[in-house]
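# Fold and contact review
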Amino acid sequence: QVQLVESGGGSVQTGGSLKLSCQAPAYVFAQCGMAWYRQAPGKGRELVSTISLEDGATYADSVKGRFTASIDMPANRLFLQMDSLQTEDTAMYYCAAEEKYDACGYWGHGTQVTVSS
């Protein structure tokens, strides 16, 4: 059973920053497309960013210019640097490994991000 483990969530004020981390086995980064999703209370799951070693990163319009995804291969970690955080960024954030060269389909348990004004 492949397990993705997120960390780095917390509570910050508007305008603050957080850096999320997702630990995964090395082969996941080679075989899967990686993504960050979030789900706010009472709302559906939203795709925040996708990233792969070959294709680089994409971002939802709502976070473009504020969030940066990256992969650290030696550390087998996926990161999401979140700057200029706003109250509407409050959500549970999930790391996911999606189908690319393999079926993948792995998820983490999530890390909570709370932004207050």
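This text gives an overview of the structure that appears in the document.

### Description of the nonpolar core
The nonpolar side chains of a soluble globular protein tend to be buried with one another. In terms of nonpolar packing, the biggest core is built from 31 residues, with Met34, Leu80, Met82 and Tyr93 touching the most fellow members. The set of elements that each furnish at least two residues to this core consists of β3 (18-23), α1 (26-31), β4 (33-39), β5 (45-52), β7 (67-72), β8 (77-82), β9 (91-98) and β11 (111-116). At four residues, β9 tops the list of elements feeding residues into this core. With sequence-adjacent residues up to four places away left out, Tyr93 is seen in contact with Glu6, Leu20, Tyr37, Arg38, Val48, Phe67, Leu80, Met82, Gly110, Thr111 and Val113.

### Describing unusual backbone geometry
At Asn76, a residue that is not glycine, the phi angle is positive and equals roughly 55 degrees. Of note in the backbone geometry, Cys104 takes a positive phi value of approximately 55 degrees without being a glycine. With respect to the helices, strands and loops of the structure, Cys104 is situated in the loop between β9 and β10 (106-107). For Cys104, a relative accessible area of 13% translates into the label buried.

### Brief notes about the state of the cysteines
Within this structure, the stated rule accounts for two disulfides. Between the sulfur of Cys22 and that of Cys95 lies a disulfide, 2.1 Å long from S to S. For the disulfide bridge between Cys22 and Cys95, the dihedral angle about the S-S bond is near -70 degrees, and by the sign convention the bridge is left-handed. Of this pair, Cys22 sits in strand β3 while Cys95 sits in strand β9, placing them 73 residues apart in sequence. Residue class for Cys22 comes out buried when judged on its relative accessible area of 0%. Residue Cys32 pairs covalently with Cys104 via a disulfide, S to S 2.0 Å. Judged by the sign of its S-S torsion, about -90 degrees, the bond between Cys32 and Cys104 is left-handed. Here the residue Cys32 occupies a position in the loop between α1 and β4, and Cys104 occupies one in the loop between β9 and β10, the gap between them amounting to 72 residues.

Analysis parameters
Residues numbered from 1 in each chain as written. Predicted model: local features only at pLDDT ≥ 70, side-chain atom pairs only at ≥ 80, totals over all residues. Heavy atoms only, no water. Core = buried A, V, L, I, M, F, W, Y, C linked by side-chain atoms within 4.5 Å. Buried < 20%, exposed > 50% of the residue type's maximum accessible area, 1.4 Å probe, protein only. Helix = DSSP H or I, 4+ residues; strand = E, 2+ residues; numbered from the N terminus. Contact = heavy atoms within 4.5 Å. Disulfide = S-S within 2.5 Å.

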